[in-house]
Amino acid sequence: MQQLRQHLDQQTYLELVKEAQEKDRYYLFALINGEEVLSVVGFKPMTTLYYGRFIWVCDLITDQVHRSKGYGERLLQFVHQWAKDNHYQSVALSSGLQRTDAHRFYEEKMDYDKVSYVFRKTGIC
């Protein structure tokens, strides 16, 4: 996760995960080989007027050393099955503009559609 969320120190990361789990039903799963974390996915169930009942993938990362081995695909397929088992209609995610390899993975390998841009305003408080 540190490779994806480089701006977070360990304490802040743990605090945010705990808060997200308590307030937003955030789920965190990993593929692990022995003691080595290969890939991680974090997601939460949501309901909006636009998407209806859906799963929002907040975090998906495969360790740089282990990319292109199918681990991200396995975790997203797990999320898809979790969504289906829990009666959610779709899965959505956001990906940084610079992550072109990830975009190719989502669109070509995982058959996701690019449906919007995400906008953000910072410095509110």
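What counts, and where the lines are drawn
- Residues numbered from 1 in each chain as written.
- Predicted model: local features only at pLDDT ≥ 70, side-chain atom pairs only at ≥ 80, totals over all residues.
- Heavy atoms only, no water.
- Pairing = 2+ DSSP bridges.
- Helix = DSSP H or I, 4+ residues; strand = E, 2+ residues; numbered from the N terminus.
- Axes fitted to C-alpha atoms, helices over the stretch in contact; angles between N-to-C directions.
- Core = buried A, V, L, I, M, F, W, Y, C linked by side-chain atoms within 4.5 Å.
- Buried < 20%, exposed > 50% of the residue type's maximum accessible area, 1.4 Å probe, protein only.
- Contact = heavy atoms within 4.5 Å.
- Phe/Tyr/Trp six-rings, centres within 6.5 Å; stacked < 30°, edge-to-face > 60°.

Asker: Could you give me a rundown of the sheet that holds strand β2 (residues 36–48), with the residues and numbers involved?
Answerer: Think of a sheet as strands paired side by side through backbone hydrogen bonds, with each pair either parallel or antiparallel. With mixed pairing, the four strands of this open sheet are ordered in space as β1-β2-β3-β4. Looking along the sheet, the strands with just one partner apiece sit at the ends: β1 (27–33) and β4 (90–93). Here the average twist between neighbouring strands, direction ignored, is 30°. Taken together, the seven bridges between β1 and β2 define a ladder with antiparallel strand orientation.

Asker: Before we move on, can you summarise the nonpolar core with the specific residues and values?
Answerer: Grouped together as the largest cluster of nonpolar side chains are 19 residues, with contacts concentrated most on I55, V57, L60, L76, V79 and V91. Of all the secondary-structure elements, those providing two or more residues to this core are β2, β3 (52–62), α2 (71–85) and α3 (100–109). With six residues, the top contributor of residues to this core is α2. Not counting chain neighbours up to four residues away, the residues in contact with V79 comprise V41, F43, I55, V57 and V91.

Asker: Go over the pairing of β3 with me, naming the residues and quoting the values.
Answerer: The buried fraction of β3 amounts to eight of the eleven residues, a majority that puts the element mostly inside the structure. Note that β2 and β3 share ten bridges and pair antiparallel. Each bridged residue has a counterpart across the sheet, and for V40 the counterpart in β3 is I61. Connecting β2 to the antiparallel partner β3 that follows it, the hairpin turn spans three residues. Summarising the sheet, β3 and β4 pair through four bridges and their orientation is parallel. In the sheet register, W56 faces β4, and the bridge partner there is A92.

Asker: An account of the packing of aromatic side chains is needed here, citing residue identities and associated values.
Answerer: In this structure the tally under the stated criterion is eleven aromatic pairs. Aromatic side chains Y51 and F54 sit 4.8 Å apart centroid to centroid with 55° between the ring planes, which places their arrangement in the tilted category. Judged by its relative accessible area of 2%, F54 falls in the buried class. Judged by centre distance (6.5 Å) and plane angle (90°), the ring pair of F54 and W56 falls under edge-to-face. Since its relative accessible area comes to 22%, W56 is described here as partly exposed. Through a chain of ring-to-ring contacts, the aromatic side chains of Y27, F29, F43, F78, W82 and Y88 assemble into a single cluster.

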